[in-house]
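Remarks on the overall topology
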Amino acid sequence: MARCRKWILDHGGAVGIPSWGKFWLTVLGAYEWDGCNPMPPEFWLVPSISPIHPGKMWCYCRLVYMPMSYLYGKRFVAPITELVKSLRQELYVEPYKDINWNKARNICAKEDLFFPHPLIQDMLWAFLHHFAEPIFNRWPFSIMRQKALNTAMDHIHYEDENSRYFTIGCVEKVLCLIACWVEDPNSDAYKLHLARVPDYLWVAEDGMKMQSFGCQMWDAAFAVQAILSSDLAEEYGPTLKKAHDFVKASQVRANPSGNFTEMYRHITKGAWTFSIQDHGWQVSDCTAEGLKVSLLFSEMPSHIVGEKIEKERLYDAVNVILSLQSSNGGFSAWEPNRAFRWLEKFNPTEFFEDVLIEREYVECTSSAIQALALFKKLHPGHRTNEIERCITRAIQYVEDMQNPDGSWYGCWGICYAYGTWFAVDGLVACGRKYRSSVALRKACQFLVSKQLPDGGWGESYLSSQNKVYTDLEGNRSNLVNTSWALLALIRAGQGEVDPTPIQRGVNLLINSQMDDGDFPQQEITGVFMKTCSLNYSSYRTIFPIWALGEYRVQILHGRMKES
């Protein structure tokens, strides 16, 4: 702790913490609201047609700043205990009473500064801080402040109820819990929040963690495809049946309650979430992967995997997926894009980039392509023309997003290996072949160029931040990165031209397996908004199995058939 304190003081003290840290220290009582840039709840009273209305923000952004704005508007501060007083003395390089809080609003240590505020943003915060806030806190304008607080709280309760107090994620969970306590510490809402805190706690090999919100459905969909890729389905029938039951139980069966469009929510009926049904938030790629595995299960004997899902539920999933395609052909993740790109200049979060508005992603687009292509094959009579137009536009988006070196940038995994695997899968699902597709040939050339001497691939989190492919320190291989690269090469047809890179990667996977059948936990391979790395602990097993299964069926068995 002494070393931590020294590091903080050597970097200017706690005034250098990013805006979210300033907020949390203020709520704790170890910082001042005057040192925070404004988060006025009055934004919720702006007409919904306005381009700056928070309802047009990316869902995670607005659902973070919604309870933040409530607590800011209430100027809530926890009791100032002796511990808090001690923190006030220990975290700053000057006496607490002498700190220039106005100046501190825009201070951020360079180590945390990924997205520097443009001048126009600092001018806006200065105007709100010096002129608007004093007005909002005086009568009669304080009436508007109270109305804004009530509106923000209505949205908080709506989101809580529609996620069964699970909320959209871990940051929002704690913020909404505190907001409910501040409104009424004896409320049912607060008690219901407390009951769902254990959903976020997870005991890993190295101790208890608080997870982002769980990835049960996401991991289950990948695990199912990994097992099926090995052509060993009958041997793992009980496992697949349990997975099938989970997939069916996890689909969201209804839209959000009431007039959900007034609460800035999108349709959810038929969607799959990232985690469980209670989460309630549709995601395009999770819905696509859920649809895909449901379709795969529907083609398998019921005595192995159980009864197939009803057609109407598949149709609902297709409806959700189609609703999330943007005008450029790509697919957004959670909601249709409702805002203008220039709003990103007002992104107040210094450590994230591109978080203010929804946008399109290669991975989401690829998952949608694969699911819709399979659905069209198995259910050719349902919305066929719409699906064909959708796929055509989506394929064009994927090809347009390819980088000159043949790679694709991945937004939810690290990084170019991940994005390239998804893009390749999308192209192959629609009939693209190595010999006839320039995009696939360039993708293979890119991946082969990044193969390491031991036959693997190892990509650093710095790829996501710097947007340049970066090897792990010491040119170490990572088995998950290696599996993504192998899956892309196998699917793209590299084995037809020169299987040597594939064989070298497969040898690394085989030789890395541990005695108990597991694979070692290595570097983190998930990422969120370029700078936040996410640990998907099951990836270490899912993707090597998947890559080895594809190799066994596509390469080894393919050769046997030829001979």
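Computed from a predicted model, the values in this text were never measured in an experiment. (Residues numbered from 1 in each chain as written. Predicted model: local features only at pLDDT ≥ 70, side-chain atom pairs only at ≥ 80, totals over all residues. Heavy atoms only, no water.)

**Let's talk about the overall build of the protein chain**
Let me state the cut-off plainly: Secondary structure counts use DSSP, requiring at least four H or I residues in a row for a helix and at least two E residues in a row for a strand, with both numbered from the N terminus. For the radius of gyration, the atoms used are the C-alpha atoms, and the globule rule reads 2.2 Å times the number of residues raised to 0.38. When a residue's accessible area, from a 1.4 Å probe over protein chains only, is under 20% of the maximum for its type it is buried; when over 50% it is exposed; and in between it is partly exposed. Residue contacts follow a heavy-atom distance rule, with two residues in contact if any of their heavy atoms lie within 4.5 Å. Areas reported here follow the Shrake-Rupley algorithm with a probe of radius 1.4 Å; residue values treat only the protein chains shown as occluding. Residues scored as positive are Lys and Arg, those scored as negative are Asp and Glu, and His as well as the terminal groups of each chain are ignored. Throughout, a charge is located at the NZ atom of Lys, the CZ atom of Arg, the CG atom of Asp or the CD atom of Glu.
Looking only at helices and strands, the protein chain has 23 helices and 6 strands in total. Taken against the 2.2 N^0.38 rule, which gives 24 Å for 563 residues, the C-alpha radius of gyration of the protein chain at 25 Å falls within 12% of a compact globule. Along the three orthogonal principal directions, the C-alpha set of the protein chain runs to about 85 × 50 × 40 Å. Looking at the 563 residues of the protein chain, the share that counts as buried comes to 56%. Residue pairs in contact within the protein chain that sit at least 24 positions apart in sequence constitute 71% of those at least 6 positions apart. As presented, the protein chain carries roughly 24,700 Å² of accessible surface, and 57% of it is formed by carbon and sulfur atoms. For the protein chain, the centre of its 56 positive side-chain charges and the centre of its 63 negative side-chain charges are spaced 3 Å apart.

**Thoughts on the pairing of strand β2 (residues 207–210)**
To keep it simple, the criterion reads: Two strands make a pair as long as DSSP finds a minimum of two bridges between them.
In the sheet, strand β1 (residues 201–204) pairs with β2 via 4 bridges, with the strands oriented antiparallel. The residue of β2 that forms the bridge with Val203 is Met208.

**Considering the nonpolar core**
For clarity, the cut-off: For this analysis, a nonpolar core means a set of buried residues of the types Ala, Val, Leu, Ile, Met, Phe, Trp, Tyr and Cys, connected via side-chain atoms within 4.5 Å.
With 165 residues, the main nonpolar core has Tyr92, Trp218, Leu291, Trp421 and Phe543 as its most contacted residues. In terms of residue count, the dominant contributor to this core is helix α3 (residues 59–74) (11 residues). Phe543 has contacts with Phe222, Trp421, Val480, Ser483, Trp484 and Leu487, leaving out every residue within four places of it along the chain.

**Describing the packing of aromatic side chains**
For the record, the criterion: Stacked, tilted and edge-to-face are the three classes applied to pairs of Phe, Tyr and Trp rings, where Trp contributes its six-membered ring and a pair requires centres within 6.5 Å; stacked means planes under 30 degrees apart, edge-to-face means over 60, and tilted covers the rest. By the criterion adopted, a ring carries a charge over it if an Arg CZ or a Lys NZ lies within 6 Å of its centre and within 35 degrees of its normal.
Enumeration according to the criterion identifies 49 aromatic pairs in this entry. For the pair Phe352 and Phe528, a centre-to-centre distance of 5.8 Å together with 75° between the ring planes defines the contact as edge-to-face. One end of the pair, Phe352, is in the loop between β3 (331–332) and β4 (360–361); the other, Phe528, is in strand β5 (residues 526–528), with 176 residues separating them in the sequence. Looking at Phe352, the relative accessible area reads 9%, which means it is buried. Of the residues examined, Phe528 reaches a relative accessible area of 17% and is grouped as buried. A cation over an aromatic ring shows up here: Arg75 above the ring of Tyr72, its NZ or CZ 4.2 Å from the ring centre. For the cation-ring pair, Arg265 lies above Trp281, with the distance from its terminal atom to the ring centre recorded as 3.7 Å.

**Some remarks on the packing of helix α6 (residues 119–136) against helix α7 (residues 141–162)**
Two quantities define a packed helix pair, namely the angle between the axes and the distance from one axis to the other. Quick reminder of the rule: Between N-to-C directions, angles cover 0 to 180 degrees, with each direction set by a line fitted to C-alpha atoms, over the stretch in contact for helices. An angle below 35 degrees is read as roughly parallel, one above 145 as roughly antiparallel, one from 65 to 115 as roughly perpendicular, and any other as oblique. We call Asp, Glu, Lys and Arg charged. Ala, Val, Leu, Ile, Met, Phe, Trp, Tyr, Cys and Pro are nonpolar, and the rest, Gly among them, are polar.
Interhelical geometry of α6 versus α7 gives an angle of 90° and a closest axis separation of 7 Å. It follows that α6 is roughly perpendicular to α7 by the angle criterion. On the side of α6, the interface is formed by Glu133, Ile135 and Phe136, while α7 contributes Phe141, Ser142, Met144 and Arg145. In the contact of α6 with α7, the residues fall into 4 nonpolar, 1 polar and 2 charged.

**A word on a nonpolar patch on the surface**
How we decide: Like charges within 9 Å and nonpolar side chains (Val, Leu, Ile, Met, Phe, Trp, Tyr) within 5 Å are joined into patches, using only residues over 30% in relative accessible area that form no salt bridge. Note on definitions: salt bridges are taken to be side-chain nitrogens of Lys or Arg within 4 Å of carboxyl oxygens of Asp or Glu.
Taken together, Trp24, Val174, Leu194, Val197, Leu201, Val203, Met208 and Met210 make up a surface patch of nonpolar side chains, about 690 Å² in accessible area. Sorting the residues of the nonpolar patch by element identifies β1 and β2 as the ones contributing at least two each. Take Met208: it is sitting in strand β2.

**Thoughts on unusual backbone geometry**
In this structure, Pro140 follows Trp139 across a cis peptide bond, with omega equal to 10°. Among the secondary structure elements, Pro140 is positioned in the loop between α6 and α7.

**Regarding the pattern of salt bridges**
Counted by the stated rule, this structure contains 32 salt bridges. With a shortest N-O distance of 3.9 Å, Glu388 and Lys376 are connected by a salt bridge. Of this pair, Glu388 sits in helix α16 (residues 384–400) while Lys376 sits in helix α15 (residues 362–378); the two residues are 12 residues apart in sequence, bridging distant segments of the chain. Counted as one network, the salt bridges with shared partners bring together Glu344, Glu353, Asp354, Arg359, Lys467 and Lys530.

**Looking at a negative patch on the surface**
A contiguous patch of negative charge on the surface is contributed by Asp154, Glu183, Asp184 and Asp188. Checked against the element boundaries, Asp188 lands in helix α9 (residues 188–195).

**Notes on the environment of Leu472**
Structurally, Leu472 is set in the loop between α19 (462–466) and α20 (479–492). Residues Leu472 and Arg105, 367 residues apart in the sequence, show an inter-C-alpha distance of 36 Å. The residues touching Leu472, leaving out its near neighbours within four places in the chain, are Gly458, Glu459, Ser460, Ser477, Asn478 and Glu523.

**Topic: the packing of helix α14 (residues 311–323) against α15**
The test is simple: We call a crossing left-handed when the near helix sits turned anticlockwise from the far one by less than a right angle, and right-handed when that turn is clockwise.
It is at 11 Å that the axes of α14 and α15 come closest, and there the two elements cross at 140°. The angle between the axes of α14 and α15 places the two elements in the oblique class. The handedness of the crossing between α14 and α15 is left-handed. For the pair α14 and α15, contact is made by Leu314, Tyr315, Val318, Ile321 and Leu322 and by Ala368, Ala371, Leu372 and Phe375, respectively.

**Some words on the side chain of His379**
Mapping His379 onto the fold places it in the loop between α15 and α16. On the basis of relative accessibility, which here comes to 16%, the residue His379 falls in the buried class. Contact partners of His379, with chain neighbours within four places excluded, come to Leu295, Lys311, Leu314 and Tyr315.

**Description of the state of the cysteines**
The following threshold applies: Any cysteine sulfur atom paired with another within 2.5 Å is treated as part of a disulfide.
Tallied over the full model, the rule gives 0 disulfides. Between Cys4, a free cysteine, and Cys108, which holds the nearest cysteine sulfur, the sulfur-to-sulfur gap is 18 Å.

**Some points on helix α8 (residues 170–183)**
This is how it is decided: By this rule the span expected of a helix is its residue count minus one, scaled by 1.5 Å.
Here α8 is 14 residues long and its end C-alpha atoms lie 20 Å apart, about the 20 Å a rise of 1.5 Å per residue gives. Three or more residues of α8 are buried, namely Glu172, Lys173, Leu175, Cys176, Leu177, Ile178, Ala179, Cys180 and Val182. Turning to α8, the residues buried within the fold contact α2 (19–28), α3, α7 and α9.

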